[in-house]
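# Observations on the model geometry
Here's the letter readout for the chains.
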Amino acid sequence: MSRWLPRTYLTLVYVLLYVPIIVLVVFSFNDSRSGYEWGGLSLRWYEALFNNRAMVQAMWNSLWLALSAATVSTMIGALTALALHRYRFRGKKLLNGMLFIVMMSPEIVLAISLLALFLLVGLKLGYVSLLLAHVTFCLPFVVITVMARLSGFDERLPEAARDLGASDFTMTRTVLIPVIMPALVAGWLLGFTLSLDDVVVSTFVSGPSYEILPLRIYSMVRVGLKPEVNALGTLLLVFSLFMLILSQWILLRSRR
Amino acid sequence: MKQTLLSLSNLSKQFDGKTVLDSLDLEILDGEFITLLGPSGCGKTTLLRLMAGFEHPDDGTILLGGQDLTHTPPEKRPLNTVFQNYALFPHMSVFDNVAYGLKMEKRPKEEIRQRVDEALAMVQLEEFARRKPHQLSGGQQQRVAIARAVVKRPKMLLLDEPLSALDYKLRRTMQVELKRLQRELGITFVFVTHDQEEALSMSDRVVVLKDGLIQQLGTPREVYERPANLFTARFVGETNFFPGRIDKANGDDTITVDVFGLKRTFRKPDFPVAAGQPLHVLLRPEDIRVLAPDDDDGVAGKVVERNYKGSTLDSVIHLEDSTEVLASEFFDEDDPTFDYRLGEPVKVSWVDGWEWLLPMESPEAEAEANLDE
Amino acid sequence: MSSVTQQPFRTAVLVLVWGWLLFLVLTPNLLVVGASVMTRDPGSFLSLPLNLDAYRQLMNPLYLDVFLHSLYMAAMTTLICLLIGYPFAWALTKVGKQRQMLLIFLLIVPFWTNSLVRTYALKLLLATNGLLNNALMSLGIIEEPLRMLYTEGAVIVGLVYLLLPFMILPLYAVFDDLREDLLRASHDLGAGRLATFVHVIVPLTLPGVLAGVMLVLLPAMGLFFVPDILGGSRNLLVGNVIKNQFLDARNWPFGAAASIVLTLAMAFLMFAHRLSKRRIGEDGV
């Protein structure tokens, strides 16, 4: 096969993937009210964004939700991965199966099942319901990331620690967790981004008391074009890019 | 007389219904270098892990200096382990690896520093204290693992095939080094290996294990020269098994045995003998003499393989009844009869008194022994 | 595993993990199954008696049309993703290893970017007086602006745009594992390019294809915000139906039944994926 054919093809697909994003970024600096015509360089949409108190509030809410969801799911996910890796217990297959179902099932199925649960137990929809839901859908991704790290882990390390006088708990704190740290960080960043991006599940389990960013964007973009969204999208893009690079850097560094 | 340090009695362990150790008894003496030797799956690693506390026995007790350790978790046992692939903590420096056990004992900082430095000096790694394990060679990692285990001054050091990952030359160096350490520290070493050469050259005593049972317990010399049974004889070193039949028992503590039609007089073995009884006559390759075909002594055969090994010349000789005989002779250029060509007829003999006699075993054991050949 | 572990820590971990998954995964899913066989109730969402009315309602021509249309759009999305993704993944393995990592990185950047924002970006391009129409008109290719937004095509484009990486990544994984010597062996044994493709490459990459299909087809039926932004009221997905039934029409049994149909479709695809992996001697996950 000649070399230029695959390369041209790859380039073409990447152009198609990135054109909309580039357009979005460029138009976020557009002075014109119309979303289609270039009216000169301006930061007015960024200004409008930060002057919109409800929007800023939604941003903080989202950020706080993503922080807490990522943290909780990393803790539970790491413990789950450790349990799956180290302990022999009944129902291990069922546990694995449940995680797999969460990861593979369409988000909307997860969304309505959680909504049904929250209404059944009488949980008011808001921050808590969002947190529980977000932790649940982040969990399998954290578990997989940590499991991958653990699979390359020397089984003798925990034994060596025990042999040298560490209790099970001390061993976990001083050996296991430091060794899987890069995976924990990567899992946390993944969870953070998944939470920040989620629309489908949040649509079902959020209430008026706690408005989050994706839902605010959703209500803005359903009808017509809103130039503020360009600015917001650009900010989110830069933020995600930063997080992604950070996580890749941490993973690469740990692989030395 | 050395005292018993660790005493294992009636130890049994099963994994998923498969018996790995079968009512095993063993006394380990204070300050000795004892080796657990056997093929993979013989239970030697399980035995070591029971001593370390990573496994619990299904039955039996482990006493250390009279104190019952059977159900003590590993962190509370005054024994330490050197692991097969070292199991160094990858996120800690060499210093922190060695200091780990002392930190667990909550020793004062200054004492930790001093003892770690001493331990590293002992294995000649002082300059490497700040390095991470992945920046060290295999042999250096091995020495860190040893330092980490001995820094706690355990009563006993357990070594699980610690040299198996090293290349041949380094392995020899480390064998000498381990012996030196053991002498200097005066700690009991329990060494697990499947390498019989390593076991013979390093140990005070060797425990030969198979299927969770002790086959023989003795000094390397006893194990090599006077194997207790067919398995040990085969597992430890090369051996020729000649079929013999007792002609008669003599009054003077000797017996006359018919081997390949030759009537030879042997010392009476310590198992009961009767005329007409078949037995095994064992001869190590270095005990075999290869003679010229016109020699009066010996059994006729011909040379089918010659391997020059440097200091020795190893031959395979086919006897007329197609028995294969291994012979290993020290090289002597001045000996005119020494150099036989392939296919050349020779006679095979040995010096009486160098043989070792074993009784016939159960048909299964005999069949198994023959399969190896 | 060593039997020597301190019990309290182990117990605490297991209780936490099991508790979470039983309460937030197993129970909710059972609730949905339960809801699907109950009766709609305007006051308390659900009531007895148990019946299969919701499933019967799925067969109602009105909804059947929506489902079939959604299935059609999802299938088209999957097919287009496969047609773009298969040669893409193949081509990806042909460039240098260093560059491959960079290209994979560029592929997952969008995955880490808010999907609503990306869908909205498409809207910028596709609108009647949007950039694409303007560009085509100024190039003289068209006279009148084309109606691209609020069409079936727009929804499919949106879904392809969001889901393409999910097709490419599993395909890349199988192509990356495909050993060159197998292809050489095939040529050596006299197979031409086409025969090698049919008899060697396709069977060995099938698990990747099925994994990709699984990761694209099902979300393509559930991502309700794509038609909301790009498709107008006529091009609904199953996801829109479920959402409307739950949040607007308050017909829970019907919404639950629809979601169970989606889940069954997922189970079927997972089964096929397992089978294809076993055929080439890998353990199904």
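Residues numbered from 1 in each chain as written. Chains lettered and ligands numbered in written order. Predicted model: local features only at pLDDT ≥ 70, side-chain atom pairs only at ≥ 80, totals over all residues. Heavy atoms only, no water.

## Some thoughts on the overall build of chain B
Broken down by element type, chain B carries 9 helices and 20 strands. With the C-alpha coordinates of chain B rotated into their principal frame, the extents come out at 80 × 50 × 40 Å. For chain B, with 373 residues in total, the buried portion stands at 53%. For chain B, restricting intrachain contacts to residue pairs at least 6 apart in sequence, the fraction spanning at least 24 positions comes to 65%. When the accessible area of chain B is evaluated, it comes to approximately 17,600 Å², of which 49% is carbon and sulfur surface. In chain B, 45 positive and 63 negative side-chain charges are present, and the distance between their average locations comes to 9 Å. (Helix = DSSP H or I, 4+ residues; strand = E, 2+ residues; numbered from the N terminus. Buried < 20%, exposed > 50% of the residue type's maximum accessible area, 1.4 Å probe, protein only. Contact = heavy atoms within 4.5 Å. Areas by Shrake-Rupley, 256 points an atom, 1.4 Å probe, with all protein chains shown as cover. Lys, Arg positive; Asp, Glu negative; His and termini not counted. Charge placed at Lys NZ, Arg CZ, Asp CG, Glu CD.)

## Focus on the interface of chain A and chain C
The interface is formed by 92 residues belonging to chain A together with 87 residues belonging to chain C. Summing both sides of the interface, chain A and chain C together bury roughly 8,200 Å²; the carbon and sulfur share of this comes to 79%. If you look at where chain A meets chain C, you find 0 salt bridges. Linking chain A to chain C there are 8 residue pairs in polar contact (both at pLDDT 80 or more). Here the side of chain A that touches chain C is composed, by residue class, of 65 nonpolar, 16 polar and 11 charged. (Buried area = accessible area lost by both parts, 1.4 Å probe. Salt bridge = Lys/Arg side-chain N within 4 Å of Asp/Glu carboxyl O. Polar contact = N/O pair within 3.5 Å; in protein donor to acceptor, adjacent residues only side chain to side chain. Nonpolar A, V, L, I, M, F, W, Y, C, P; charged D, E, K, R; others polar.)

## So, the packing of helix H6 (residues 127-151) of chain A against helix H8 (residues 168-197) of chain A
Residues and elements named next belong to chain A. The interhelical angle for the contact between H6 and H8, taken along N-to-C directions, is 155°, at an axis separation of 9 Å. Here H6 is positioned roughly antiparallel relative to H8, judged by the angle of their axes. Where H6 crosses over H8, the handedness of that crossing is right-handed. Contacts between H6 and H8 involve His 134, Phe 137, Cys 138, Phe 141, Val 142, Thr 145, Val 146, Arg 149 and Leu 150 on the former and, on the latter, Val 179, Ile 180, Pro 182, Ala 183, Leu 184, Ala 186, Gly 187, Leu 190, Gly 191, Leu 194 and Ser 195. Within the contact of H6 with H8, the residues separate by chemical class into 14 nonpolar, 5 polar and 1 charged. (Axes fitted to C-alpha atoms, helices over the stretch in contact; angles between N-to-C directions. Parallel < 35°, antiparallel > 145°, perpendicular 65-115°, else oblique. Left-handed = near helix turned anticlockwise from the far one by under 90°.)

## Examining the pairing of strand S16 (residues 299-308) of chain B
On a regular strand, each side chain points to the face opposite its neighbour's, so the side chains alternate between the two faces of the sheet. Residues and elements named next belong to chain B. By the bridge criterion, 4 bridges tie S16 to strand S19 (residues 345-350) in an arrangement that is antiparallel. Considered in S19, the bridge of Val 299 is made with Val 348. Inspection of the sheet shows S16 paired to strand S17 (residues 312-319) by 7 bridges, in the antiparallel sense. Note on S17: the bridge partner recorded for Gly 301 is Leu 319. (Pairing = 2+ DSSP bridges.)

## Let's talk about the domain arrangement of chain A
Residues and elements named next belong to chain A. Domain annotation for chain A reports domain 1 (1-41) and domain 2 (52-255). Counting from both sides, the interface comprises 7 residues of domain 1 and, opposite them, 7 residues of domain 2. Between domain 1 and domain 2, a total of about 660 Å² is buried, with carbon and sulfur atoms accounting for 71% of that surface. For domain 1, the biggest contributors to the area lost against domain 2 are Leu 24, Ser 28 and Arg 33; these three give 53% of the whole. Linking domain 1 with domain 2 are 0 salt bridges. For the pair domain 1 and domain 2, the number of links is 1 residue pair in polar contact (both at pLDDT 80 or more). (Domains from an automatic or database assignment.)

## As for unusual backbone geometry
All names here are of chain B. Notably, Glu 161 is not glycine yet its phi reads approximately 40°, a positive angle. Given a relative accessible area of 9%, Glu 161 falls into the buried group. Residues other than glycine seldom take positive phi values, yet Ser 322 does so here, at roughly 70°. With respect to the secondary-structure elements, Ser 322 resides in the loop between S17 and strand S18 (324-330). You can call Ser 322 exposed: its relative accessible area is 54%.

## Regarding the pattern of salt bridges
Any two side chains of opposite charge can pair, so long as their charged atoms come close to each other. Following the criterion strictly, the structure yields 29 salt bridges over all chains and no others. In this structure, the salt-bridge partner of Glu159(A) is Arg156(A), at a minimum N-O distance of 3.3 Å. Here Glu159(A) and its partner Arg156(A) are both found in helix H7 (residues 156-163), 3 residues apart, which amounts to about one turn of the helix. Using a relative accessible area of 9% as the deciding quantity, one classes Glu159(A) as buried. Here Glu161(B) and Lys44(B) are joined by a salt bridge, their closest N and O atoms 3.7 Å apart. A residue pair is termed long-range when its members are at least 10 positions apart, and Glu161(B) in the loop between strand S7 (156-160) and helix H5 (168-185) and Lys44(B) in helix H1 (residues 44-52) qualify at 117 residues. One connected set of salt bridges, linked through shared partners, spans Glu105(B), Arg107(B), Glu111(B), Arg115(B) and Lys152(B).

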